[in-house]
Amino acid sequence: MINKLPSSIMHPYSLLNATAPETKGLTAKFLKNKTVGQICETAAKNPVVCQSVFSLAVCCFARPITNMFTTPDKKDASYASCHSISSGAIGFLWSLALSTPISMAMGAMLKKPQKYFKPSLIKKLYPSVGVIKDAKTGAEKLMTDAKGHLLRQNGTLLSRNIEPLKVEADKAAEFLKKHPDLTIDKHGVVRSTTVFQTEHGKDLKKEGKKIGCALQKSDMTPITEEVELGIKKEQNMASFMNWIPDIILAPPRAALTIAMIPWLLKNVFGMEKTKKGGDKKPETQATPVAAANTAKPVATATQPTTATTVAKPVQKIQLASIKPAQVSNNAKGGV
Amino acid sequence: MMNITSISANNYQAQTPSFKSQKPSTFISLAARGMTAAKKTNNAYNNFIENVLAKRVLAPILNTKFAGKLIDKSAKVNDMTSYMSTAGSVVTTGVYANRTLNNKNLDKKAAKTLALNQGLVLVLSTVGAFTINDSIAKFTKKMSYKFRDLNKDLPSKVLEKRFQGFSIAQKLLTFSLMYRYISPVLVTPIASKISKSLNNNAPVAAKAGQPAAAAKATVTAVASQPAAKAPVVAQTPAPATPAPAPAKKA
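Residues numbered from 1 in each chain as written. Chains lettered and ligands numbered in written order. Predicted model: local features only at pLDDT ≥ 70, side-chain atom pairs only at ≥ 80, totals over all residues. Heavy atoms only, no water.

Draft legend 1. Quick peek at the overall build of chain B. Of the regular secondary structure elements, chain B holds 11 helices and 0 strands. Sorting the 250 residues of chain B into buried and exposed places 41% on the buried side. The contacts in chain B between residues at least 6 apart in sequence include a share of 69% that link residues at least 24 apart. Approximately 14200 Å² of chain B is accessible, and the part contributed by carbon and sulfur atoms is 65%. (Helix = DSSP H or I, 4+ residues; strand = E, 2+ residues; numbered from the N terminus. Buried < 20%, exposed > 50% of the residue type's maximum accessible area, 1.4 Å probe, protein only. Contact = heavy atoms within 4.5 Å. Areas by Shrake-Rupley, 256 points an atom, 1.4 Å probe, with all protein chains shown as cover.)

Draft legend 2. How the structure looks around the overall build of chain A. Along chain A, the regular secondary structure elements total 14 helices and 9 strands. The buried share of chain A, reckoned over its 335 residues, is 51%. Expressed as a percentage of contacts within chain A between residues at least 6 apart in sequence, the contacts between residues at least 24 apart total 57%. Carbon and sulfur atoms form 60% of the exposed surface of chain A, whose accessible area is close to 16000 Å².

Draft legend 3. Quick peek at the packing of helix α5 (residues 47–70) of chain A against helix α6 (residues 74–111) of chain A. All names here are of chain A. With their axes 8 Å apart at the nearest point, α5 and α6 run at an angle of 175° to one another. What the angle tells us is that α5 and α6 run roughly antiparallel. Here the residues of the contact of α5 with α6 are counted per class, giving 14 nonpolar, 10 polar and 2 charged. (Axes fitted to C-alpha atoms, helices over the stretch in contact; angles between N-to-C directions. Parallel < 35°, antiparallel > 145°, perpendicular 65-115°, else oblique. Nonpolar A, V, L, I, M, F, W, Y, C, P; charged D, E, K, R; others polar.)

Draft legend 4. Structural context of the confidence of the model for chain B. Residue and element names in this part refer to chain B. In this model, chain B carries an average pLDDT of 74, and 68% of its residues clear a pLDDT of 70 or more. Within chain B, the element-level pLDDT minimum falls on helix α10 (residues 230–235), averaging 31, and the maximum on helix α3 (residues 65–74), averaging 91. Two summary scores accompany this predicted model of the complex, namely pTM at 0.70 and ipTM at 0.72. (pLDDT = per-residue confidence, 0-100.)

Draft legend 5. The packing of helix α10 (residues 225–248) of chain A against helix α4 (residues 80–101) of chain B, seen in detail. Two numbers describe how α10 of chain A lies on α4 of chain B: the axes approach to 10 Å, and their chain directions differ by 10°. Here α4 of chain B runs roughly parallel to α10 of chain A, going by the angle between their axes. Counting all contacts with α10 of chain A, which are made through N236, S239, F240, W243 and I247 of chain A, the residues of α4 of chain B involved are M80, T81, M84, S85, A87, G88 and V91 of chain B. In terms of residue class, the contact of α10 of chain A with α4 of chain B is built from 7 nonpolar, 5 polar and no charged.

Draft legend 6. A look at the pattern of salt bridges. Under the criterion given, the structure shown has 10 salt bridges over all chains. Its salt-bridge partner being D246 of chain A, residue R253 of chain A comes within 3.3 Å of it at the nearest N-O pair. Here the two residues R253 of chain A and D246 of chain A agree in accessibility, since each one is buried. The structure contains a network of salt bridges with shared partners spanning E41 and K45 of chain A together with R162 of chain B. (Salt bridge = Lys/Arg side-chain N within 4 Å of Asp/Glu carboxyl O.)

Draft legend 7. Structural context of the pairing of strand β4 (residues 190–196) of chain A. All names here are of chain A. Direction of pairing for strand β3 (residues 182–184) relative to β4: antiparallel, over a ladder of 3 bridges. In the strand pairing of β4, T183 is matched with R191. For β4 and strand β9 (residues 212–214), the ladder comprises 2 bridges, and the chain directions are antiparallel. When the sheet's bridge partners are listed, F196 is paired in β9 with G212. (Pairing = 2+ DSSP bridges.)

Draft legend 8. Molecular detail of α3 of chain B. Every buried residue belonging to α3 of chain B is among A67, G68, I71 and S74 of chain B, and all of these are buried. What you see down the axis of α3 of chain B is that its buried residues fit within an arc of 125°, all on one side. Exposed side of α3 of chain B, more than 90 degrees from the buried face: K65, F66, K69 and K73 of chain B are the residues found there. Packed against the buried residues of α3 of chain B are α8 (119–125) and α10 of chain A together with α2 (26–62) and α4 of chain B. (Arc of directions from axis to C-beta.)

Draft legend 9. Summary view of the sheet that holds β9 of chain A. All names here are of chain A. Strand order in the open sheet formed by 3 strands is β3-β4-β9, and the pairing between neighbours is antiparallel. One side of each edge strand has no neighbouring strand; the edge strands of this open sheet are β3 and β9. Looking at each pair of strands side by side, their axes are set apart by 45° on average, direction ignored.

Draft legend 10. Seen up close, a nonpolar patch on the surface. Together, M104 of chain A together with Y45, F48, V52, V57 and I61 of chain B give the surface a local cluster of nonpolar side chains, amounting to about 460 Å² of exposed area. Counting residues per element, the nonpolar patch draws most heavily on α2 of chain B, at 5 residues. You can see V52 of chain B is positioned in helix α2. V52 of chain B gets classed as partly exposed once you look at its relative accessible area, which sits at 32%. (Patch = residues over 30% accessible without salt bridge, like charges linked within 9 Å, V, L, I, M, F, W, Y side chains within 5 Å.)

Encoded structure:
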């Protein structure tokens, strides 16, 4: 199942060539919604924050609602809900504080790569960039114009936007008169007749014929496999740099979550777990498996408990008594 | 005629308020200062981002040979977001599981069961998220076409980003729901059953003759007391004290 995944994932650049049937109704409203658009933009720019926003939504709405419906004891339910909200909020703030600067820095770097990256790296990301070799030292220099913009080997401005050129059906004939060396496919995408699409270096064919490369809208340069790979590398690099600090700093985040949740519960929500009789009950007794799923194990162990008076000579673990609603509010990823 | 003109000009000057000589109000002054401070802070932040974080931290990392090789290999990865999200979850789960297993105050069995539960949540979430993403990939593809076509009026750069982010957002949503909501809810009963069978197979002291409530002494009770105290407690007969709240609800 996992092995099949890469093949089933859509290719972002080939998607640009296709068209969709007309959409109406609620789906259209949803897809046109500004918030949906902004979420998609955030997902592309800063996936870590986007994921934490989703997690926050789950922790603030889905879990509390489930708790309220499935837990008979409303005090327990509200306690678990506040725990969930606290956990989500800490995760969101952590991601926001950590990922936003990195995402902004990556944005700045990709805006002016020549200012930050070595020519060798830029060539990996933008294979068509022009490079000049210094005759004396042999060092490579990138070709730039007076304003510092990157140029292609032929001296034209390097465009990194690979949106393909499209021509509407009524203007197709006129366009082809001006450009007899090009063709237009049934989706209106202008294609080259001399440069062909490849995959792993081999020509792609449709009905026995080679498929011409789509052209960049900005300057009608063919979007070759090499160019697509370069852009893919750029996107993966940005994504990688965005995620890596979040992964590396997971242990301190876990520690922070453990430390902060009891404080938040007490000082923000005014929640302290109490026994049904009205006496204070240690927090840990509320969610045993919760402890398993989150920061709770440590909190459990370190907090004072009435367990010594209640505990039986049984060393058994009875997790069957735990309801799904009580399952912990984890800091991330089900833990 | 000349007099009339001069008079009207004077009237105009007399009736037009001049702010030059007046001192600005405290509120305006404070607002202006606040704006200036905000601009300075923003400039300093941008400066930090571009000249410190980007130039001195990230760029040197990305310019290394190792990073170059990694970037080359990343061209084969089609779904970086899913893999990175999974990696994050694995690390986080590992941290918590490790803490649980090494917790001296936890009973060993309890710790193992808790760690098992964490592991189960992770495995189920990961498999579930990949399966769901895989099965709705075609649907997402169609929706992303529609999304692009319906938002054609947006600037091309913005549309390109949003179009690219559409499928990423869908995957992240699936991962968040699986890890945060669906799996924990599903795994708990499974983990409970496994722990039950594990406990039933293990020899338990003073098992016989225990009231049901006492038998339900939760993992919390075991977990929260120091290990050293366990034998002492074990000698005392099971009191009729009600079990902790969660145990009662079972």
